[in-house]
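Residue-level listing of the chains:
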Amino acid sequence: MVKTATNLCGIEMTNPVIPASGTFGYGYEFAELYDINCLGTFSFKGTTKDPRFGNPTPRIAECSAGMINAVGLQNPGVEKVISEELPRLAECFSKPVMANVSGFSVEDYAYTCEKLDKCDQVGWLEVNVSCPNVHGGGMSFGTSPEAAAEVTKAVKAVTTKPVIIKLSPNVTDIVSIAKACEEAGADGISLINTLLGMRIDLKTKKPVIANKMGGFSGSAIFPVAVRMVYQVYDAVNIPIVGMGGVSSAEDVIEMMLAGASAVQVGAANLIDPFVCRDIINNLPKVMEKYGITDLKEIIGGAH
Amino acid sequence: MEQSIFTVKSNVCLAKGVYEMILGGNGKSVTAPGQFINIKLDGFYLRRPISVCDWNDESITIIYKVVGKGTEYMATLEEGAQLDVLTGLGNGYDTSKSGDTALLIGGGAGVPPVYGLAKRLIAEGKKVKVILGFNTADEVFYEDNFKDIGAETFVTTVDGSHGIKGFVTNAFEAVGEYTHTYSCGPEPMLKAVYNASATSGQYSFEERMGCGFGACMGCSCKTKYGNKRICKDGPVLVKEEIIW
């Protein structure tokens, strides 16, 4: 028997597969299809301090081997997530869940994380620093080591659970940002968020998406993600959650060889709602094929 | 929702750029007229959401208009081709709200779901009046199919080349009395019907979708009853909740 278990920031997981935030809602749509307790965990819909409708539609554009989304963090706000979504989630998922948090100021992040940290169901806080800093000229927190570190410190100061900082790939030097987060106390790094992209409709001669630009995800971005996970693994000593275009058990193994302790699956869930279950079922077979007996032993194995 | 493999039984051109495809497979997961299916196509990343025209236990009929590369590819599929399809998506129309005389209005690519609805309403013993709107005579399809199932059918064309000249709303006078309005078509048409209709009603909306089953929030809209996902909480919205 091969061992698929992994450990993320001190929490044991039966396998490394995690549906990524924004592609799995709060789990119920998928719980209607299969028992989602087979997942390592999942990262729920990005939650903010206040409720958000998000961007105008169209929010989606298709690309070769991928898609662009500009949903704009639609969510009911942290109070409702705690009072309504988490109790419903508890009915279909019994493992610790990853709470994904976004904010538009350092105070926002701290406020939302402090609330979610107190929820028993939450195992990890995944802090998305790709959002624009409204008090900092609109630049994303994740594009500067100082701003990313500031968010990390503020969240760490008010929480007890592992804090994983989710980094944007739309930067010149992701390694310096990952290091700054580690120095500021982050317990883990997850990467990559979507790549900034755009499509133009030849008929209307205008951008397809109402927001003009959006986040590019899907299999096309997998090599970029593997490269960045590899680079960050070399530079930090905290665990990495790898993501970006993962859609098969082979991709999961490749991401772990690059340095990921756990792996998220994003856009693939939207095309094939059963993909995470299927990846988990396929993992042992693919591990055997490549002579892997214990997934924990291959983390960073390509270095 | 169910995921299963369907086999193309037939794929024929009905009118200019409009094709009818019959897919053999488990049709039991379609639970209401006005629902849609989401089809995986080789070489395309996202699935293609297409409304269900008609269904039975062994097959689903869809009618689609060639508007882009995905539907262009669909038009080339031959009998025997196998497709990975998600079925039973969306809320669909509620036939229990129709009263005794339903007015159904479909425009262009919005005609197909109205056919499945007409069939179910008639099977429930209700009187059905239908207005089908097209741009020109060469785009008209399914007029006889509606007549064959016993629907009182009115056709409009914008250029007057077939039926009543003008928009679907130009046929309202000829229609007479009705108790409930069902509609599917482009948004400007839905809005015109909404304003012209004298009754309660159900309106089916279209939006660019990511997943088609409620996970990605790609197709959200605001309603008087809160934010809704067109794919999961829709595509059918009731008249009272619509915000234009």
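Since the model is a prediction, treat every value here as computed from it, not as a measurement. (Residues numbered from 1 in each chain as written. Chains lettered and ligands numbered in written order. Predicted model: local features only at pLDDT ≥ 70, side-chain atom pairs only at ≥ 80, totals over all residues.)

A. Here's a closer look at the overall build of chain B. Check the secondary structure of chain B and you find five helices and 15 strands. The C-alpha atoms of chain B give 17 Å as radius of gyration, which agrees with the globular expectation for 244 residues (18 Å, within 12%). Here the C-alpha coordinates of chain B stretch approximately 45 × 40 × 35 Å along the principal axes. The 244 residues of chain B split such that 48% are buried. Contacts in chain B between residues far apart in sequence, at least 24 positions, make up 61% of those at least 6 positions apart. (Helix = DSSP H or I, 4+ residues; strand = E, 2+ residues; numbered from the N terminus. Rg over C-alpha atoms; globule rule 2.2 N^0.38 Å. Buried ≥ 20, exposed ≤ 12 C-beta atoms within 10 Å, placed from the backbone. Contact = placed C-beta atoms within 7 Å.)

B. Here's a closer look at the nonpolar core. Residues Leu 125, Val 127 and Val 229 of chain A are the most contacted members of the largest nonpolar core, which totals 166 residues. Residue contributions to this core reach at least three from each of two domains, namely domain 1 (2–89) and domain 2 (95–204) of chain B. (Core = buried A, V, L, I, M, F, W, Y, C linked by C-beta atoms within 7 Å. Domains from an automatic or database assignment.)

C. The arrangement of the sheet that holds strand β13 (residues 214–217) of chain A in detail. All names here are of chain A. Spatial strand order, β4-β5-β13-β10: four strands in an open sheet with antiparallel pairing. Single-partner strands in this sheet number two, and they are β4 (60–63) and β10 (195–197). Strand-to-strand twist across the sheet, computed as the mean angle between neighbouring axes with direction ignored, equals 35°. Examined bridge by bridge, strand β5 (residues 66–69) and β13 share three bridges and lie antiparallel to one another. Bridge pairing in β13 links Met 67 to Ser 217. (Pairing = 2+ DSSP bridges. Axes fitted to C-alpha atoms, helices over the stretch in contact; angles between N-to-C directions.)

D. Broad picture of helix α7 (residues 249–258) of chain A. Residue and element names in this part refer to chain A. Most of α7 is tucked away: nine of the 10 residues are buried. Ala 249, Asp 251, Val 252, Ile 253, Glu 254, Met 255, Met 256, Leu 257 and Ala 258 are the residues of α7 that are buried. Downstream of α7 by one or two residues, Gly 259 has phi in the positive range, about 140°.

E. Just the interface of chain A and chain B, in detail. With 26 residues of chain A at the interface, the matching set in chain B holds 22 residues. Elements supplying a minimum of two residues to the side of chain A that touches chain B: β4, β5 and α8 (268–271) of chain A. Here the side of chain A that touches chain B is built from residues that sort into 13 nonpolar, 10 polar and three charged. (Nonpolar A, V, L, I, M, F, W, Y, C, P; charged D, E, K, R; others polar.)

F. Spatial organisation of the packing of helix α4 (residues 145–157) of chain A against helix α5 (residues 174–183) of chain A. All names here are of chain A. Contact pair α4 / α5: the axes reach a minimum separation of 8 Å and the direction vectors enclose 30°. It follows that α4 is roughly parallel to α5 by the angle criterion. The two elements α4 and α5 meet at a crossing, and its hand is right-handed. The residues of α5 that touch α4, namely those facing Pro 145, Ala 148, Ala 149 and Thr 152, are Ser 176, Ile 177, Ala 180, Cys 181 and Glu 183. (Parallel < 35°, antiparallel > 145°, perpendicular 65-115°, else oblique. Left-handed = near helix turned anticlockwise from the far one by under 90°.)

G. Representation of the sheet that holds strand β12 (residues 201–204) of chain B in the model. Residue and element names in this part refer to chain B. Spatially, β10-β9-β8-β7-β11-β12-β15 is the arrangement adopted by the seven strands of the open sheet, whose pairing is mixed. Of all strands in the sheet, those with a lone pairing partner are β10 (164–165) and β15 (236–238), marking the two edges. As defined by bridge partners, strand β11 (residues 180–184) adjoins β12 across four bridges and the pair is classed as parallel. In the sheet register, Cys 184 faces β12, and the bridge partner there is Ser 204. This element, helix α5 (residues 187–196), spans β7 (101–107), β8 (127–134), β11 and β12 of the sheet and lies at about 170° to β11.

Treat this as a map of the structure, not an account of what it does.
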